[in-house]
Amino acid sequence: KQEVTQIPAALSVPEGENLVLNCSFTDSAIYNLQWFRQDPGKGLTSLLLIQSSQREQTSGRLNASLDKSSGRSTLYIAASQPGDSATYLCAVTIQGGSEKLVFGKGTKLTVNP
Amino acid sequence: KAGVTQTPRYLIKTRGQQVTLSCSPISGHRSVSWYQQTPGQGLQFLFEYFSETQRNKGNFPGRFSGRQFSNSRSEMNVSTLELGDSALYLCASSLWFRGQGSTDTQYFGPGTRLTVL
């Protein structure tokens, strides 16, 4: 059974700092991995999607990497801002008969002004 | 283009009752997926509908069911509510069925917060 783990569960940093969020998964048989952002009381916003054949994806200040063989992904946020404060979730699309997303429990990020 | 809408946003029910939640996908999207989010279990996949057919199902009891209409709108029903069903229920839509190797992005609605007393 695929399990997705995110460490740390919470992170507090001062504004301007570069930071890395970690995601690990137990089964490398995935189609892709996605990073989402969730703001309080709101749904999820997709940030980046990395296909299993790719190593990284970039969007603005965000860079996500994927090492399928080791079951790890990182989300790098450059020059963090208070508006980046949110919960970040990673999810993998697993292979097999059921094409579904398996989520980690998220990292709650607080960026202090 | 309007986003994914879910109604109602908040709901309070008592044990043993049943509830129906509604999700309207982005115009033109044909796939709707449902998820349950709780503090203890996180986000868990319930099921996915495409062209009025359930394509995938997560590991939830038969009390959880859904359907999709010809206009792609979807409803989720939970019968005989239990305290543990209290959660944020999210739906997400995408253009196409999330088949093998799909690169299709899912767009999430704001969720329905269900509280079971």
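In the block above lies the structure referred to throughout.
Residues numbered from 1 in each chain as written. Chains lettered and ligands numbered in written order. Predicted model: local features only at pLDDT ≥ 70, side-chain atom pairs only at ≥ 80, totals over all residues. Heavy atoms only, no water.

Another aspect to go through is the state of the cysteines. By the definition in use, this model includes two disulfides over all chains. Cysteine 23 of chain A shares a disulfide with cysteine 90 of chain A; S-S distance 1.9 Å. Classification of the bridge connecting cysteine 23 of chain A and cysteine 90 of chain A rests on its S-S torsion, roughly 70°, and on that basis the disulfide is right-handed. Placement of the pair is cysteine 23 of chain A in strand β3 (residues 19-25) and cysteine 90 of chain A in strand β9 (residues 86-94), with a sequence separation of 67 residues. Like cysteine 23 of chain A, the residue cysteine 90 of chain A is buried in the burial classification. In this model, cysteine 23 of chain B is linked to cysteine 91 of chain B through a disulfide, with the two sulfur atoms separated by 1.9 Å. Negative torsions about the S-S bond denote left-handed disulfides, and the value of about 65° found for cysteine 23 of chain B with cysteine 91 of chain B makes this one right-handed. Of the two residues, cysteine 23 of chain B is situated in strand β3 (residues 19-24) and cysteine 91 of chain B in strand β9 (residues 87-94); the sequence distance between them amounts to 68 residues. In this structure, cysteine 23 of chain B and cysteine 91 of chain B share a single accessibility class: buried. (Disulfide = S-S within 2.5 Å. Helix = DSSP H or I, 4+ residues; strand = E, 2+ residues; numbered from the N terminus. Buried < 20%, exposed > 50% of the residue type's maximum accessible area, 1.4 Å probe, protein only.)

Bringing the pairing of strand β11 (residues 107-112) of chain A into the picture now. All names here are of chain A. Here β11 shows one buried face, formed by Thr107, Leu109 and Val111, and one open face, formed by Lys108, Thr110 and Asn112. Where strand β2 (residues 10-14) meets β11, five bridges bridge the pair, whose relative direction is parallel. Counterpart to alanine 10 in the pairing with β11 is lysine 108. Alignment of β9 against β11, held across three bridges, turns out to be antiparallel. Paired with tyrosine 88 across the bridge in β11 is threonine 107. (Pairing = 2+ DSSP bridges.)

Residue and element names in this part refer to chain B. By the definition in use, this model includes six salt bridges over all chains. Across the pair glutamate 82 and arginine 63 runs a salt bridge whose closest N-O atoms are separated by 3.6 Å. With glutamate 82 in the loop between β8 (74-78) and β9 and arginine 63 in the loop between β6 (53-57) and β7 (64-68), this residue pair connects regions lying 19 residues apart in the sequence. Classification of glutamate 82 as partly exposed rests on a relative accessible area of 42%. Between glutamate 75 and arginine 67 there is a salt bridge whose closest N-O contact spans 3.2 Å. Classification of arginine 67 as partly exposed rests on a relative accessible area of 46%. Through salt bridges with shared partners, one network takes in Arg63, Glu82 and Asp85. (Salt bridge = Lys/Arg side-chain N within 4 Å of Asp/Glu carboxyl O.)

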